[in-house]
Structure formats: structure tokens, C-alpha cells
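# Breakdown of the fold
So the chains spell out like this:
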Amino acid sequence: MDILPITPTIGAEINEVDLAALDSSSFAAIEHAFLKHHVLVFRDQILTRDQHKNFGRLFGELHIHPSKRNGMNQEDPELFIVNTEPDAKLTNGEAWHSDVSCEEIPPMASILYVTRCPENGGGDTMFVNMHAAFAELSSGLQQLLIGKTAHHDGEIDLRNYGISLRDGQTYPKASHPLIPVHPKNGKPYLFANGSFTSHIEGISRWESDMLLKGLYQRAATNPRIQCRIKWTPNTVVMWDNRSVQHRAILDYAGFARYGERVSVLDRERPRAFQLT
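An account of the accompanying structure is given in this report. (Residues numbered from 1 in each chain as written. Predicted model: local features only at pLDDT ≥ 70, side-chain atom pairs only at ≥ 80, totals over all residues. Heavy atoms only, no water.)

## Details of the sheet that holds strand S5 (residues 107-116)
Sheet strands associate in pairs through backbone hydrogen bonding, adopting either a parallel or an antiparallel arrangement. Formally: Following DSSP output, two strands are said to pair if at least two bridges run between them. The helix and strand labels rest on DSSP assignments: H or I over at least four residues marks a helix, E over at least two residues marks a strand, and numbering proceeds from the N terminus. With axes taken as lines fitted to C-alpha atoms, and helix axes fitted only over the stretch in contact, angles between N-to-C directions fall between 0 and 180 degrees. Here, residues are in contact when the closest pair of their heavy atoms is within 4.5 Å.
Here seven strands make up an open sheet; going across it, the order is S1-S2-S3-S11-S5-S13-S4 and the pairing mixed. Only two strands of the sheet have a single neighbouring strand rather than two, namely strand S1 (2-5) and strand S4 (80-84). Strand-to-strand twist across the sheet, computed as the mean angle between neighbouring axes with direction ignored, equals 20°. The pairing of strand S2 (residues 12-15) with strand S3 (residues 39-42) spans two bridges and is classified as parallel. Its bridge partner being in S3, Glu13 is matched across the sheet by Val41. Docked against the sheet, helix H1 (residues 24-37) engages S1, S2, S3, S5 and strand S11 (235-240), running at close to 130° with respect to S3. Contacts from helix H2 (residues 49-57) reach S4, S5, S11 and strand S13 (257-265), with the element oriented near 35° to S13.

Structural data, given as C-alpha cells:
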């Protein structure tokens with residue numbers, strides 16, 4: 001197995017591995033690389049839907065998207081389909097976000113398998129390391145943010161796509177620590193995003209807006225803590241949904257892009273980082 005870092009802070013490509021036929025030593029190496037690099041890229045993978053799901057289940061129980069639970073979407077409940085047609089004006093995940101951070105227990109990882117890529121070479125996905133986003137803040141700002149909670153509301157994301165809930169339908173809302181501790185590496189990370197986070201609790205709305213806008217802008221415009229993945233057909237990308245945010249780039253008008261995602265449910269709610 002060949003592990004090639006993409007940048008010093010985030011991302012690695014793993015070659016010479018078949019995700020449909022992993023042995024225990026290969027899986028252990030992938031687990032270690034996932035914790036170290038946060039985003040893993042596996043190219044030239046030929047997977048059935050069951051094989052895709054089985055790879056996800058090696059890390060834990062699969063997450064069921066809220067649109068499948070409330071009847072908004074009747075597709076396979078364990079798969080989230082990303083199907084962008086040539087004439088699409090929007091695509092899934094154009095804004096920086098963590099997948100469904102509005103859940104009481106958000107996914108710990110997402111695994112996207114893209115089988116069709118735009119012929120113009122577009123459709124990249126960007127990722128940002130939220131451990132690093134927090135670490136580069138001043139100690140004073142870190143101390144201000146530690147201990148605070150932020151409210152995440154799934155209807156914010158629905159409105160971004162012009163979707164309204166019908167009578168009887170619900171969508172998750174939850175409050176999470178603004179600075180949780182990662183359960184595997186013990187490090188703090190920034191957990192707020194413009195697609196789902198409505199406000200920081202316990203302070204005035206204008207202060208919350210000011211802080212969140214600044215934090216979002218800094219993470220989005222800091223290439224030192226980002227990587228950009230160029231997709232090729234039959235590529236799998238797996239990312240840590242706790243400590244990483246991502247955004248899809250819609251720069252392929254007139255072309256199509258297709259992928260399927262499984263997400264892995266975390267074992268517990270995010271826990272607040274504690275200063276020692």
C-alpha cells in the first residue's frame with residue numbers, strides 16, 4: 001500500500017489497494033492514515049453498492065440521511081445520491097459544510113464514490129482541516145470559543161436549495177460544542193459551518209454573526225490548511241466529517257457528475273474540549 005500525502009496538513013492518496021477485498025492489515029493501515037491525514041483518496045475502484053456499504057461498515061453503523069427518515073426521499077436509505085445533470089443550476093454541497101451537522105449524533109465519516117466525472121475536467125471538491133483552523137487562532141480567541149455551544153438547524157440547508165418541509169415533515173436541529181474534542185486524537189477542532197449553524201448560544205446575535213462570519217471566512221480563504229481533490233472516474237474519497245469541512249465546486253455547466261455517498265454514524269454526540 002502506497003500512501004502519498006497531498007499537502008502537509010490534510011489529505012493523502014492511497015494506491016495499490018482494493019476496497020472490495022481488504023485484509024486486516026490493509027484496513028489497519030487505512031484507519032491509521034485516516035486519523036493522520038483526515039481525507040483519503042482511493043482511485044480506480046470498482047465497487048458494487050453492497051461493497052461500498054461494507055467498506056463503510058468496517059468503521060461503524062451506517063448513517064441514514066434525515067431526508068430518508070422523514071419520507072422526502074425514497075431512494076436506498078443508506079445511500080445519498082449526488083447526481084448533477086448538465087443543465088443543473090445547483091449541486092449538493094456547494095457551500096463549506098460538515099455533512100448534516102444538525103443531527104443529534106452527526107456522521108463521523110463520509111465516503112463518496114464518484115463514477116462519472118465532467119468531461120471538461122471540473123467538479124473538484126475542496127477540504128479544510130478544522131483542527132488547523134482552530135489551532136491558528138490566537139490564544140485569547142481560542143479561550144473565548146472554548147466552552148460555548150452552537151445551534152445547528154437543518155432547515156437552513158434546505159432553504160439554500162429552495163426546499164420547504166411539508167406538513168408532518170421534520171428535519172433535525174441540535175446544539176453542539178463550538179469546540180469539541182476529537183474522540184480519537186484528543187485534539188480540539190472548530191465545529192460550525194454556514195450551511196447548518198444558525199448561531200452561537202449565550203451571546204447576542206450580532207456578536208455571534210460577527211464571530212461566525214470571521215471564522216468561516218478565515219477557514220475558506222486559508223490554502224495552507226486546505227486540499228483540493230480532482231476526481232477521476234471510479235474514485236472513492238473518505239473524509240473525517242468531525243474535523244473536516246468540504247465544498248463541491250460547480251464549474252462544469254453542460255456536463256454531468258454522478259456519485260454515491262455512504263456516511264458512518266458516530267458512536268456519541270460531540271463532546272466539548274476542556275482546557276487542562
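Picking up after the structure, the text goes on.
## Section: the sheet that holds strand S12 (residues 244-248)
Read from one edge of the open sheet, three strands run S10-S6-S12, paired in antiparallel fashion. Here the strands that pair on one side only, and so sit at the sheet edges, are strand S10 (226-229) and S12. Each adjacent strand pair in this sheet contributes to an overall mean axis angle of 20°, direction not counted. Here four bridges tie strand S6 (residues 125-129) to S10, and the two strands are oriented antiparallel to one another. Residue Thr125 lies in a different strand from S10, and its bridge partner there is Ile229.

## Topic: the layout of surface pockets
Cut-off, in case you're wondering: Here the term cavity refers to a set of points on a 1 Å grid, laid over the protein atoms alone, in which a 1.4 Å probe fits but cannot get out; the term pocket refers to an open set having protein on both sides within 12 Å along at least five of seven lines, with lining residues being those that place an atom within 4 Å of a point. Grid points are joined across faces, edges and corners, and a volume is the space filled by probe spheres set on the points.
In this structure, the largest pocket encloses a volume near 720 Å³. Along the walls of the largest pocket sit 34 residues, with Phe80, Asn92, Gly93, Asp157 and Tyr161 positioned nearest its centre. For the lining of the largest pocket, the secondary structure elements donating two or more residues are S4, helix H6 (154-160), S12 and S13. Element by element, the count of residues in the lining of the largest pocket is highest for S4, at four residues.

## Thoughts on the pairing of S2
Look at any regular strand and the pattern is simple: side chains alternate between the two faces of the sheet. The condition that has to hold: Burial here depends on accessible area, computed with a 1.4 Å probe over protein chains only, as a share of the maximum for the residue type. Under 20% is buried, over 50% is exposed, and the range in between is partly exposed. Here the term right-handed applies to a crossover when the path leading from its first strand over the helix to its second strand runs clockwise, the strands being oriented away from the viewer.
Only one face of S2 is buried: it carries Ala12 and Ile14, and the other face, with Glu13 and Asn15, is open. Counting the residues between successive antiparallel strands, the hairpin from S1 to S2 contains six residues, one of them, Gly11, with a positive phi of roughly 95°. You can see the chain leave S2, run along H1 and come back into S3, and the turn it takes is right-handed.

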